[in-house]
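Chain by chain, the residues run as shown.
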Amino acid sequence: MSLVSEEFPDEVPLRAEEITIPADVTPERVPTHIVDYSEAEQSDEQLYQEISKANVICIVYSVNNKKSIEKVTSHWIPLINDRTDKDSRVPLILVGNKSDLVEHSSMETILPIMNQYQDIETCVECSAKNLKNISELFYYAQKAVLHPTGPLYCPEEKELKPSCIKALTRIFKVSDLDNDGILNDNELNFFQRTCFNTPLAPQALEDVKNVVRRNMTDGVKDNGLTLKGFLFLHTLFIQRGRHETTWTVLRRFGYDDDLELTQEYLFPMIKIPADCTTELNHNAYLFLQSVFDKHDKDRDCALSPEEVKDLFKVFPYMPWGPDVNNTVCTNDQGWITYQGYLSQWTLTTYLDVQRSLEYLGYLGYSIIYEQESQAAAITVTRNKRIDLQKKQTQRSVFRCNVLGARGSGKSGFLQAFLGRNLNLEDFSRQKRIREDHKSLYAISTTYVYGQEKYLLVMPDFDFLSEADLACDVVCLVYDVNNPRSFEYCAKVYKQYLIDSKTPCVVIAAKLDLHEVRQHYSLSPHEFCRKHKLHPPQPFTCNTTETPSKDIYTRLTTMAMYPHMAQADLKNSTFWLRASVGATVFAVLGFAMYRALLKQR
């Protein structure tokens, strides 16, 4: 009542009316609903209901009444703890009222109680009569809810809690843009601007570093802030009662009150209409390139297992398993190359955009690129029907489903796309890999008329579903050495694809082996002629050189121009134009890439 009227009431009722302090008159800009309790007027049940609804509880005792102080621990705290869940305890504020009636402070009695109960945020001595510390008391109550100490700091140990250290360590790594383990002045200023909308003046930066230098030996290195120094600063903020500074940082980087990344931060809303696909846009690729660069320490354009581990330290789990190395291009040591790294991100975004958003969230995309959320990294392509009508597409990722009988050479077809052949050691390693390390996909880049595109190649499984056929181009693979192999392709085509507008190519695989007559009413060539398909494309991955990418360029071209696949694909010059264009631009692309590396 003193707070609201700003004067001491002559007549005090047993219980004050419930009031709401509007947001605009509080320092934190949050409306505060204050509920009084009177033992004389209310039942225990009413008290329990109010406790269950409260965000913070103020336990008021009289500083001149010993029994009143004793009741804090003998009655009130046990009663509140019994009525609240252990994992989500309500913060408590101890309020010593009537300080105008005594000369001494009750703090000596209260401090042991504060040390005993972690739920107690603070203690305030006040006087309703002369208005001392009344508004401060409610400010502290608000602060206890909005910026609680509990999740951040352990007062007994006088150090940050493990979950807080973990969150701040991720924030440090995301902010360390060059990954040298130090926040230099530019990185500190970027961090400061990101969290507090204002850069630090040069002198203020030096003052911060000097505070750290005075208190620890390895907090500052090469005139930059180390992780130890960064954690020390936050410990200092909390010890000095400036929890809001640490909470502002944590919330800016997506953390909730339990120091978990929020669902809203990790999974922002994104609408994907039917028959549309998801791709990374230009800014997303630039961001991912910068992430690759900062972790490719030896500048060999590939990520070693240690570099991959370092890259994913900001994740709560390792997102890439051993199967990734069999899905994308790797170097001679089996390490993921720069191209393979971008291909894997492209694959994740295409197949599971929610997972891609989550991963970009861990890496801090929206913070570093100053976007509202990582949904800004995603392009949702237009409906495929519109592409067909307009006879052109803006898409960059195309899906090829590879269908064929077991043993027809599908796996070889996938691995050849990644540059692996039967005579290379990496292909023989494929045969020895464990079942759970095998990949279901292969993805890499191809060039069609000078445009770099991604082709995702997926084999079918033992049964066909609608999803197996929802693609941009279909490959029907048969083994030329197995007389029963083509029959599977013919049946699949007649059952699922004969009336489909999806372009289709027949692949005559294992051409290095002796070709036998197929046990089917029509030969593969006759079948293709009858159904107006291009003649079977010869293919083998049993070569001494890196397998040719021509067939994959053709598949991408068909996926890009399905309307031409129906009419022009019988004309071999269509293939020739696409293949020559691809070769020229692949050479140009590689030359440009080498030039960029030299600059780097």
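As named in an unreviewed UniProt entry, the chain is Mitochondrial Rho GTPase, taken from Echeneis naucrates. For the record of the chain, the UniProt heading Function (unreviewed entry) holds the text "Atypical mitochondrial nucleoside-triphosphatase (NTPase) involved in mitochondrial trafficking. Probably involved in control of anterograde transport of mitochondria and their subcellular distribution. Can hydrolyze GTP, ATP and UTP."

Asks: Provide a residue-level description of the sheet that holds strand β10 (residues 224–226), including the pertinent values.
Replies: Within the open sheet, the three strands sit side by side as β8-β10-β9. Their pairing is antiparallel. Each edge of the open sheet is held by one strand with a lone partner, namely β8 (182–183) and β9 (220–221). Both β9 and β10 contribute to a ladder of two bridges, which runs antiparallel. The residue bridging Val-220 from the neighbouring strand is Leu-225, located in β10.

Asks: Could you give an account of the side chain of Asp-119, with specific residues and numbers?
Replies: Within the secondary structure, Asp-119 sits in the loop between α4 (107–116) and β5 (120–125). Classification of Asp-119 by relative accessible area gives buried; the value is 16%. Among residues more than four places away in sequence, those in contact with Asp-119 are Asn-81, Arg-89, Val-90, Pro-91 and Leu-92.

Asks: An account of the pattern of salt bridges is needed here, citing residue identities and associated values.
Replies: The full count for this structure, using the stated rule, is 17 salt bridges. The salt bridge partner of Asp-310 is Lys-173, with a shortest N-O separation of 3.1 Å. Linking Asp-310 in helix α13 (residues 305–311) with Lys-173 in helix α6 (residues 162–175), this pair joins segments that are 137 residues apart in sequence. The burial state of Asp-310 is the same as that of Lys-173; both residues are buried. Here Lys-209 makes a salt bridge to Glu-206, at a shortest N to O gap of 3.2 Å.

Asks: Go over the nonpolar core with me, naming the residues and quoting the values.
Replies: One recurring pattern in soluble globular proteins is that nonpolar side chains are buried together. Formed by 74 residues in total, the largest nonpolar core has its most connected members in Ile-171, Leu-250, Phe-253, Leu-288, Tyr-341, Trp-345 and Leu-363. Not counting the four nearest positions on each side in its chain, Tyr-341 is found in contact with Leu-288, Val-291, Phe-292, Leu-303, Leu-311, Trp-320 and Ile-336. Judged by nonpolar contacts, the second largest core, of 29 residues, contains Phe-398, Cys-400, Val-477 and Leu-555.

Cut-offs and rules
Residues numbered from 1 in each chain as written. Predicted model: local features only at pLDDT ≥ 70, side-chain atom pairs only at ≥ 80, totals over all residues. Heavy atoms only, no water. UniProt positions renumbered as here; feature names shortened; annotations may be inferred. Pairing = 2+ DSSP bridges. Helix = DSSP H or I, 4+ residues; strand = E, 2+ residues; numbered from the N terminus. Buried < 20%, exposed > 50% of the residue type's maximum accessible area, 1.4 Å probe, protein only. Contact = heavy atoms within 4.5 Å. Salt bridge = Lys/Arg side-chain N within 4 Å of Asp/Glu carboxyl O. Core = buried A, V, L, I, M, F, W, Y, C linked by side-chain atoms within 4.5 Å.

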